[in-house]
Structures are given as structure tokens and as C-alpha cells.
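# Architecture and fold: a report
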Amino acid sequence: GYKPYHIAPTSTTLNLHTSSASYLSTLTSQPGLESMNESTSTLTSQPGLEGINESIPNAKDFSFEMSDDDKYIFDLNGYIIIRGVLTPDQISVANEAITAREGQMIERMESALRNAAKGTPLYGSGPGRKDLGQVFEWGNDSIVFKSILAHPRLVPYFHGLLGKGYRMDHLPFVIAQDIGSEGFKLHGGTVDCSSGEYNPSLAYTYHQNKIRCALLGCSLVLTDHDEGSGGFCVVPGSHKSNFKMPNGMVNGERFREHIIQPNTKAGDVVLFSEGTVHGAMPWTEDYQRRICLYRFSPATQVYGRSYFSNEEGCGWPKKMYENLSPAEKSVLEPPYANRLDRHEIQEDGSTKMCSRNVKKTDHDRAMFGTQYF
């Protein structure tokens, strides 16, 4: 059965709500949440969302630029932790939404689905990891998860690591681990940690004062990860490594002192380059580990393919577009260059279309017979 989730000690008193609609009217006491970002005004007419004006973080209350300190830390380690992105009530609502669908979790029991080799330190005591998808298709219960797409606390990092016009590349999903559940062998790397081959699809680069991640992992932490708890682990600095890992290291059998499990609290967000070698430790706590994993890319970069709408079984699900602000919706655009009418998130949280001049667009339309080349 479900074990109580743990959150940061500063957030020990939780008011549990039966729906996202009720939580939306409770957040005004948190600093920075007194007024709504103007870009969400289109949502207020929807049933059950009347309180949203008072619940959404205002972009004007946060810095719009990734700081030089944060750039240094990310460039040094290949990951960074943004503390306290979600409020206690948001953590509560997210966990309740997951608990209501716990029966839909799929446990990785078959050997072909296991993420760690049996008998290695990352395998655990036997239980498989549990996955839960369709996170953006839960109606009002999805609102807190969708807020990550253009959260004012995160937009500066997304712009600093991916550039303006960044996009969601993978469908998000929940990862759950019960006590003893296996972790995940080390994987990824700008230079693949197992093969030693350069991996442009995951690469970390720095040129002319710009950091770029071809693919950025974004882990929304929903339970506490204390020292020794297990969960997300990383090899700091490996995004710049030029060699494959020594034999046995990917399974945690050698050089374990270089594999770090960061301590995080519910409500934190971990951003990491997929070019940074990472994995997961077996879970050791008697409460269930929970995170929601997103992946983002620059405007013109692509790894996943589920956004294609002209392929059978593909295309973002229609329910994903419910209860989205213009800024959040812009992050669901497919890959194409900013100058081809891509909406960019602005400092006040609104969006502005980036376009070429009208003469050029008219010329291309006349020449190709289509809206875009």
C-alpha cells in the first residue's frame, strides 16, 4: 500500500485537498504569489479555476536572468538544484493526484525492462521501479505539473541552458520507488559513458558565454531524498569528460566515491544536462520515492518524436492543452527556428512572437505555396 510521503521539515503541516481547484485558492500567503502572471488570464473563465488569479507565481517577482553564480555551478557540475520551487500545498496536490492513480503504475519486473544489472550495487533487493504516465492528461490535477513548463523560478534557467523558445521534448512521467527498489545504472554523457562515442543528441556545449544542453533533464522532487536515501545520482563534471567510464563504474562497482546522490527536499527541482552521466541508487526509505521527470530541448533541437501529429499513435494528446497559459502552451511547440513565428516567453511572463519581416514571409509563401518553407 501507499506509504506517507515525506517533505521538508519546514513544510511539515500540510492541508490535504481533494482537487487542484481547491488548492488554487490557498497559495496567496506565500511570498511572490499574491498576484497572477498576466499570461494566465485566459484560464479564469473555466469551471473550478476561479481562484487562479491569486495562485500563480508572478514572473515580475523573480529574476529573469540565470545568475553568473548559477552558471558557474552548472558549468562546474553539469547539474543544479533549485530549492523550494513548489509550495507545501502544491506538493500535497501533486502527491494526491499520483496516489489516486497508483493502481495505474507499471512496475518494471521483466528482465528486459530492468534498469540495473542483478547483483550489482544499483540493483537493490529485487522490486522494480514503477512508472506512471499521462501526467498532463489528468484535468485539474495536472495543473501543478504543467506549471513547471514556464514556472517563473525556472524560466531563467531554461533560457540560460536552452535559449529562448525552449521546448518540452519528452512526455513527462512519474517515477516511484518502494523500499529496496532498483536504481538505474549510470548512463548518458556528452561522450557516452559506456561506448566512448560522442553523443550530439545529449551534448553539453559552451561557446561565447552561452551554455547549451542538447537535452535537459528536469526532475520535480515530490518526496525527501536525504543522505543515503537513494534515488537520483550523478557523476559531477562528467558532462565534460572525454573518455568512456572504467569497467564496472556504470554499475556502481568501482569508483563509487565519484558517484554522488544529492540531498533534495520535496518541492525542489533538479536540472541536469543529459550530457552529465547520471543514474539512480536503490531506494532505502520506508516511504515511496516520487519524482516527475521532464526533458527539455532548445528550439531547434529534438530527441523525442511523440509531438509528430501526422503519424499514427503520435502527436501531443489533446488533453495536454487544457488549462495552459500562453507561456506554457508555447513550450509544447515542435522544433523549428525562433524566427519562423515562434513565441518566446518575456520578462513579465507574457509571450511575444519572433518573426521575419513581412516581405520575406510573403515571398516564401508565393514561391513555395505554403505558410513556411
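Reading guide: rules and limits
- Residues numbered from 1 in each chain as written.
- Predicted model: local features only at pLDDT ≥ 70, side-chain atom pairs only at ≥ 80, totals over all residues.
- Heavy atoms only, no water.
- Helix = DSSP H or I, 4+ residues; strand = E, 2+ residues; numbered from the N terminus.
- Buried < 20%, exposed > 50% of the residue type's maximum accessible area, 1.4 Å probe, protein only.
- Contact = heavy atoms within 4.5 Å.
- Pairing = 2+ DSSP bridges.
- Axes fitted to C-alpha atoms, helices over the stretch in contact; angles between N-to-C directions.
- Phe/Tyr/Trp six-rings, centres within 6.5 Å; stacked < 30°, edge-to-face > 60°.
- Polar contact = N/O pair within 3.5 Å; in protein donor to acceptor, adjacent residues only side chain to side chain.
- Expected span 1.5 Å × (residues − 1).
- Core = buried A, V, L, I, M, F, W, Y, C linked by side-chain atoms within 4.5 Å.
- Patch = residues over 30% accessible without salt bridge, like charges linked within 9 Å, V, L, I, M, F, W, Y side chains within 5 Å.
- Areas by Shrake-Rupley, 256 points an atom, 1.4 Å probe, with all protein chains shown as cover.
- Salt bridge = Lys/Arg side-chain N within 4 Å of Asp/Glu carboxyl O.

## Overview of the overall build of the chain
- On a plain count of helices and strands, the chain comes out with seven helices and 15 strands.
- Scored against the burial criterion, the 373 residues of the chain give a buried share of 53%.
- The long-range fraction of contacts in the chain, counting pairs at least 24 apart against all pairs at least 6 apart in sequence, stands at 78%.

## Digging into the pairing of strand β8 (residues 210-213)
- Side chains of β8 alternate between two faces, with Ile-211 and Cys-213 buried and Lys-210 and Arg-212 left unburied.
- As paired elements, strand β7 (residues 204-207) and β8 share four bridges and run antiparallel to each other. Directly across from Tyr-204, in β8, lies its bridge partner Cys-213.
- What sits between the antiparallel neighbours β7 and β8 is a turn of two residues, in which Gln-208 has the positive phi angle 50 degrees.

## Quick word on the sheet that holds strand β10 (residues 231-234)
- On the basis of which strands lie adjacent, the open sheet formed by three strands has the order β6-β12-β10 and antiparallel pairing. Whereas interior strands pair on both sides, the edge strands pair on one side only; in this sheet they are β6 (184-187) and β10. Neighbour-to-neighbour, the strand axes of this sheet turn through a mean angle of 30 degrees, independent of strand direction.
- Both β6 and strand β12 (residues 278-281) contribute to a ladder of two bridges, which runs antiparallel. Residue pairing for β12: His-187 is matched across the bridge by His-278.

## What about the side chain of Ser-229?
- One can find Ser-229 in the loop between β9 (216-221) and β10.
- Overall, Ser-229 belongs to the buried group, its relative accessible area being 0%.
- Here Ser-229 is in contact with Gln-261, Pro-282, Trp-283, Thr-284, Glu-285 and Tyr-287, once residues within four sequence places are set aside.

## Regarding the packing of aromatic side chains
- Scanning the model with the defined rule gives eleven aromatic pairs in all.
- Residues Tyr-294 and Phe-296 carry aromatic rings whose centres are separated by 6.1 Å and whose planes lie at 10 degrees to one another, so their mutual orientation is stacked. By the burial criterion, Tyr-294 is buried, and Phe-296 matches it.
- Between Tyr-307 and Phe-308 the ring centres are 4.6 Å apart and the planes differ by 25 degrees, which places this aromatic pair in the stacked class.
- Assessed through its relative accessible area of 13%, Tyr-307 is described here as buried.

## Observations concerning the environment of Tyr-321
- Structurally, Tyr-321 is set in the loop between β13 (289-297) and α6 (326-330).
- Under the relative-accessibility criterion, Tyr-321 is labelled partly exposed at 36%.
- Counting along the chain gives 175 residues from Tyr-321 to Lys-146, while the straight-line C-alpha distance between them is 9.7 Å.
- Each residue touching Tyr-321, except ones within four places of it in the same chain, is listed here: Lys-146, Trp-316, Lys-329 and Leu-332.

## Quick look at the environment of Asp-192
- Mapped onto the secondary structure, Asp-192 falls in the loop between β6 and β7.
- With 50 residues separating them in the primary sequence, Asp-192 and Asn-242 have C-alpha atoms 8.9 Å apart.
- Asp-192 has contacts with Glu-197, Asn-199 and Lys-244, leaving out every residue within four places of it along the chain.
- Here the side chain of Asp-192 touches Ser-194 through a polar contact of 2.9 Å, landing on its backbone nitrogen.

## Thoughts on the side chain of Glu-274
- Checked against the element boundaries, Glu-274 lands in the loop between β11 (269-273) and β12.
- Polar contacts involving the side chain of Glu-274 include one to the side chain of Arg-295, which spans 2.8 Å.
- Excluding residues within four positions of it along the chain, Glu-274 makes contact with Gly-188, Gly-189, Leu-202, Leu-215, Gly-217 and Arg-295.

## Some details on the environment of Gly-180
- If you trace the backbone, Gly-180 turns up in the loop between β5 (173-177) and β6.
- According to the relative accessible area criterion, Gly-180 is buried, its value standing at 10%.
- Taking C-alpha positions, Gly-180 is 9.7 Å from Gly-230, a pair spaced 50 residues apart along the chain.
- Filtering out sequence-adjacent residues up to four positions away, Gly-180 remains in contact with Tyr-123, Gly-124, Ser-125, Gly-126, Pro-127 and Trp-283.

## Digging into helix α3 (residues 88-99)
- Compared with an ideal rise of 1.5 Å per residue, which puts twelve residues at 16 Å, α3 spans 16 Å between its outermost C-alpha atoms and is within 8% of the ideal.
- Taken together, the buried positions of α3 are occupied by Asp-89, Gln-90, Ile-91, Ser-92, Val-93, Ala-94, Asn-95, Ala-97 and Ile-98.

## Quick notes on the nonpolar core
- Of all hydrophobic cores here, the largest spans 53 residues; its most connected members are Phe-145, Leu-271 and Phe-296.
- Ignoring sequence-local partners within four residues, the contact set of Phe-296 consists of Leu-149, Phe-158, Leu-162, Tyr-166, Arg-167, Met-168, Asp-169, Ala-214, Leu-215, Leu-216, Cys-218 and Val-331.
- In terms of nonpolar packing, the next biggest core, distinct from the first, is built from 13 residues, Leu-122, Tyr-123, Val-250 and Ile-259 among them.

## Overview of a nonpolar patch on the surface
- The grouping of Tyr-72, Ile-73 and Leu-76 at the surface amounts to a nonpolar patch, some 290 Å² of accessible area in total.
- With respect to the helices, strands and loops of the structure, Tyr-72 is situated in helix α2 (residues 68-77).
- For Tyr-72, a relative accessible area of 54% puts it in the exposed group.

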